[in-house]
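Listed below are the residues making up each chain.
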Amino acid sequence: MVADIREDWPNRAASRYVDAGGLRWHVQSLGDAGPDLLLLHGTGAATHSWAGLAPLLATRFRVVAPDLPGHGYTDYQPAARSLPGMAQAMRALIAELALSPALIVGHSAGAAVAAQLVLDGAATPAALVSLNGALLPLPGMMGKLFPGAARVLDRVPALPQLLAFSARRRPMMDRFIEQTGSASDNIGVDFYHGLSRSSKHIRGVLGMMAAWELEGLEADLPRLAVPLHLVACQNDRAVPPAQARSLLARVPGAVLHPVSGLGHLGHEENPQLFADLIMGIAHEAGLP
């Protein structure tokens, strides 16, 4: 039953609920032929982020896209807020669905979850595709102040309700999208706006930010055993393309794919471009 999912939710016909690891997950499954492809969205998003891209990939893959714990329509669970905890929860979902991801595509923080899954041995894809991946800790003073501030905010019980109420002002979300370097005219801003009015979703986002630490992942990335493809949009203001370039020197065999003219939500701005890029990577990885 998906009656609680809004009627205009992208690819709603592909939605279902799955119980795994103590969570009720919202999962979308598209395509019935080809190898398994797992899509993992970023912080503050949900499966709507793949509105245009998932159907294009489903012409060649069996695509599975969950809402991350605490996001969208998936349950919140304190144990699944941190990167290791979220990867462990994702491992349970993969096992429940009997998935064998031949390709994992992660956007922003979803790329970190994907990398952790591979490092933990929970998945052995032919390639890992990072779309503007947030794989390294924030640099400088922001890296010191932001996690602490998030932890303080996470301890204010009424904050999710207050933020959800304030988010009723549409211009705030429009400005947020613009600050990513992406053009809001090409993005389902209304879905981000709707999520920002959900206190449950905001609690999940705040909890994730409070528990998120990437120092361990940064240290472990050099031992990643599958090819890492770093797709970096040159207008990205959320995760600077310089981060992807720096990873080239740290991760053996990593490949950089620069994309001009798009921002942090580039896969939403131009789904066809990203579908072609991902299918090219799959071909290079030897996938049918």
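The paragraphs below set out a description of the structure included in this document. (Residues numbered from 1 in each chain as written. Predicted model: local features only at pLDDT ≥ 70, side-chain atom pairs only at ≥ 80, totals over all residues. Heavy atoms only, no water.)

### Concerning the overall build of the protein chain
Broken down by element type, the protein chain carries 12 helices and eight strands. Out of the 288 residues in the protein chain, the part that is buried amounts to 55%. Looking at the protein chain alone, contacts between residues at least 24 apart form 77% of all its contacts between residues at least 6 apart. Accessible surface computed for the protein chain: about 12000 Å², of which carbon and sulfur atoms make up 56%. (Helix = DSSP H or I, 4+ residues; strand = E, 2+ residues; numbered from the N terminus. Buried < 20%, exposed > 50% of the residue type's maximum accessible area, 1.4 Å probe, protein only. Contact = heavy atoms within 4.5 Å. Areas by Shrake-Rupley, 256 points an atom, 1.4 Å probe, with all protein chains shown as cover.)

### Here we look at the nonpolar core
Core analysis: the biggest nonpolar cluster contains 48 residues, and Leu40, Leu135, Trp212 and Leu217 have the highest contact counts within it. Residue assignment for this core shows that the elements contributing at least two residues are strand E1 (15-20), strand E2 (23-30), strand E3 (36-40), helix H2 (83-97), helix H3 (109-119), strand E7 (228-233) and helix H10 (241-248). Counting residues per element, this core draws most heavily on H3, which supplies nine residues. Leu39, Val63, Ala127 and Ala275 belong to the second-largest nonpolar core, a separate cluster that totals 29 residues. (Core = buried A, V, L, I, M, F, W, Y, C linked by side-chain atoms within 4.5 Å.)

### Observations regarding helix H8 (residues 199-211)
Owing to its 3.6 residues per turn, the α-helix aligns residues three or four sequence positions apart on the same side. Compared with the 18 Å implied by 1.5 Å per residue over 13 residues, the 18 Å span of H8 between its first and last C-alpha is a close match. Every buried residue of H8 is accounted for by His201, Ile202, Gly204, Val205, Leu206, Gly207, Met208 and Ala210. (Expected span 1.5 Å × (residues − 1).)

### Digging into the sheet that holds E3
Strand order in the open sheet formed by eight strands is E1-E2-E4-E3-E5-E6-E7-E8, and the pairing between neighbours is mixed. The sheet is open, and its two borders are formed by E1 and strand E8 (255-259), each paired with just one other strand. Direction aside, the axes of adjacent strands within the sheet are offset by 25 degrees on average. Each of E1, E2, E3, strand E4 (62-66) and strand E5 (101-107) touches H2; the most contacted strand, E1, lies at about 110 degrees to it. (Pairing = 2+ DSSP bridges. Axes fitted to C-alpha atoms, helices over the stretch in contact; angles between N-to-C directions.)

### Section: the environment of aspartate 220
Assignment of secondary structure puts aspartate 220 in helix H9 (residues 215-220). Using a relative accessible area of 26% as the deciding quantity, one classes aspartate 220 as partly exposed. When the C-alpha atoms of aspartate 220 and leucine 119 are compared, they prove to be 7.6 Å apart, with 101 residues separating the residues in sequence.

### Brief notes about the pattern of salt bridges
All told, the structure shown has seven salt bridges when counted by the stated rule. One salt bridge connects aspartate 36 with arginine 62, and the closest N-O pair in it is separated by 3.0 Å. In this pair, aspartate 36 sits in strand E3 while arginine 62 sits in strand E4, placing the two residues 26 residues apart along the sequence. The salt bridge partner of glutamate 218 is arginine 250, with a shortest N-O separation of 2.5 Å. With glutamate 218 in helix H9 and arginine 250 in the loop between H10 and E8, the pair connects residues that are 32 residues apart, well separated along the chain. (Salt bridge = Lys/Arg side-chain N within 4 Å of Asp/Glu carboxyl O.)

### Things to note about the pairing of E2
Most of E2 sits out of view: six of its eight residues are buried. Where E2 and E4 come together, four bridges link them in antiparallel fashion. Bridging across to E4, leucine 30 finds its partner in valine 63.

### Re the side chain of glutamate 268
Of note, glutamate 268 is situated in helix H11 (residues 266-269). There is a polar contact of 2.5 Å between the side chain of glutamate 268 and the side chain of tyrosine 192. Each residue touching glutamate 268, except ones within four places of it in the same chain, is listed here: Ser49, Asn186, Ile187, Gly188 and Tyr192. (Polar contact = N/O pair within 3.5 Å; in protein donor to acceptor, adjacent residues only side chain to side chain.)

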